[in-house]
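Residues per chain, in single letters:
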Amino acid sequence: MTCGNLYKLTLAGVAISFLLTFSACTASGEPEEIAPTAPKSDSGTASSSSGAESSSSESGNGGERDSSIYNLLRWVEFQGGKAKVNSVEFSFSAYSVSATEVTQAAYAEAMGGMPDQPKDAPENPVVNVSWFDAVLFCNELSKSMGLDTAYVYSSVGDKNYLQALEIDYGVESFRLATEIEWEIAAHGGTNTMFYWGTDKASDYVYYGQTSGPTRVGSYPPNPYGLYDMAGNVAEWVNDWYGAFPTKAMDNYTGATSGTARVVRGGGWSDPIKGCAPDVREKKDPLYTAPTLGFRVVYSRGLL
């Protein structure tokens, strides 16, 4: 395991672990094991008008774990600290991010099916998913692990549109990454535009293609062990699209409202410049495309 500073970043360390354990380094460099913990009580869930369960920050299953979905993903943990992004200093709480984009296999395990895919390939990233589809997956993962759910809504409408949606950042749960969390992870501890520096991009990124996504993890990971942070599929993140802050912020979670959600990372059909870690796209949260998927974050709650 290696511990070190992220670009312009006060981080105790970062490391990869598998299955039910997140692994990190303490400030002294000693290993620290962190795992999601089940809530102590459960007050039940409310049924939505569509028959799906809606959450009011309540445990989905009384604290019991079903790790079948969780075990299909791998995790990298970041301890909290401060980072400069676009010359603005942000403080952030500890979080863990899935080492790969969510696969067809993981999505189908959680949701009992999936939208049409370019081809049936369980280890390919799931695509043709809206922002709402992605957050419903996050809720299902939280419930399967006996955790609260970050996304609170009254009912599920057409195309999985979530009525009266709110995001509870204070609960221990799985959710989409904020823009700041995503960009810290994507840079991989480097201060260059791309983490591979001046090496040939095609050795590291699946981009400029015409035949659809490829198996996750087919290309080398960034220095933090994260795969496909550039290319393969673009990724939904949590934030509303808005003007980027110009002053220091604590646990910035994006604009307070908007009409479009942020997409990061570029997809398999994009030119390499579209895969740069600071490129921001905006899409209607109901938008779907064969170039667009997502990865997830585990958080103990933003302080």
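Note that the coordinates shown come from a computational prediction; the quantities given were computed from them, not determined experimentally. Per chain, the residues get numbers from 1 upward, laid out in the order the sequence is written. At least 70 in pLDDT is required for a residue's local features to be given in this predicted model, at least 80 for side-chain atom pairs to be given and counted, and no such filter applies to totals for whole chains, interfaces and linings, which use all residues. Working from all heavy atoms in the structure, the side-chain values ignore hydrogens and water.

Turning our attention to the side chain of Arg261. Of note, Arg261 is situated in strand E18 (residues 261-264). Buried within the structure, Arg261 lacks any salt-bridge partner; its nearest side chain of opposite charge belongs to Asp239, at an N-O separation of 6.6 Å. In the analysis that follows, any N or O atom pair within 3.5 Å is treated as a polar contact, provided that within protein one partner can donate a hydrogen and the other can accept it, and provided that, for residues neighboring in sequence, both atoms belong to side chains. In terms of polar contacts, Arg261 uses its side chain to reach the backbone carbonyl oxygen of Asn238, at 2.8 Å. Apart from the residues within four sequence positions on either side, Arg261 is in contact with Trp131, Leu165, Ile167, Trp236, Asn238, Asp239, Trp240, Tyr241, Glu281, Lys282, Lys283 and Pro285. Think of it this way: any DSSP run of H or I at least four residues long counts as a helix, any run of E at least two long counts as a strand, and we number them from the N terminus. The cut-offs for exposure are 20% and 50% of the maximum accessible area for each residue type, with area from a 1.4 Å probe on protein chains only; residues under the lower value are buried, those over the upper are exposed, and the others partly exposed. In this charge count, Lys and Arg are treated as positive and Asp and Glu as negative; neither His nor the chain ends contribute. For this document, the term salt bridge refers to a Lys or Arg side-chain nitrogen within 4 Å of an Asp or Glu carboxyl oxygen. Whether two residues are in contact is decided by their heavy atoms: any pair within 4.5 Å suffices.

This part takes up the packing of aromatic side chains. What counts as a ring pair is set by centres within 6.5 Å for rings of Phe, Tyr and Trp (its six-membered ring), and what kind of pair is set by the plane angle: stacked under 30 degrees, edge-to-face over 60, tilted for all other angles. One pass over the structure, following the stated rule, counts 20 aromatic pairs. Between the aromatic rings of Tyr70 and Trp75, the centroid separation amounts to 5.2 Å while the plane-to-plane angle is 15°, which identifies the pairing as stacked. Taking the relative accessible area as the measure of exposure, Tyr70 reaches 0% and is therefore buried. Looking at Trp75, the relative accessible area reads 0%, which means it is buried.

Before going further, it helps to examine unusual backbone geometry. For Asn128, which is not a glycine, the phi torsion comes out positive at approximately 60°. Of note, Asn128 is situated in the loop between helix H1 (104-111) and helix H2 (131-144). Of note in this structure, Lys159 is not a glycine but carries a positive phi near 60°. Residue Lys159 is classed as exposed on the basis of its relative accessible area of 62%.

The pairing of strands in a sheet happens through backbone hydrogen bonds and is either parallel or antiparallel. Whether two strands pair depends on DSSP finding at least two bridges between them. With respect to topology, 4 strands assemble into an open sheet ordered E19-E18-E16-E20, the strand pairing being mixed. Each edge of the sheet is formed by a strand with only one pairing partner; in this case those strands are strand E19 (280-283) and strand E20 (292-294). The sheet shows a mean angle of 50° between the axes of neighbouring strands, direction not considered. With 4 bridges joining them, E18 and E19 adopt antiparallel strand pairing. The residue bridging Val262 from the neighbouring strand is Lys282, located in E19. Lines fitted to C-alpha atoms define the axes here, with helix axes fitted over just the stretch in contact, and angles between the N-to-C directions of these axes take values from 0 to 180 degrees.

By themselves, these are just geometric observations and shouldn't be taken as functional.
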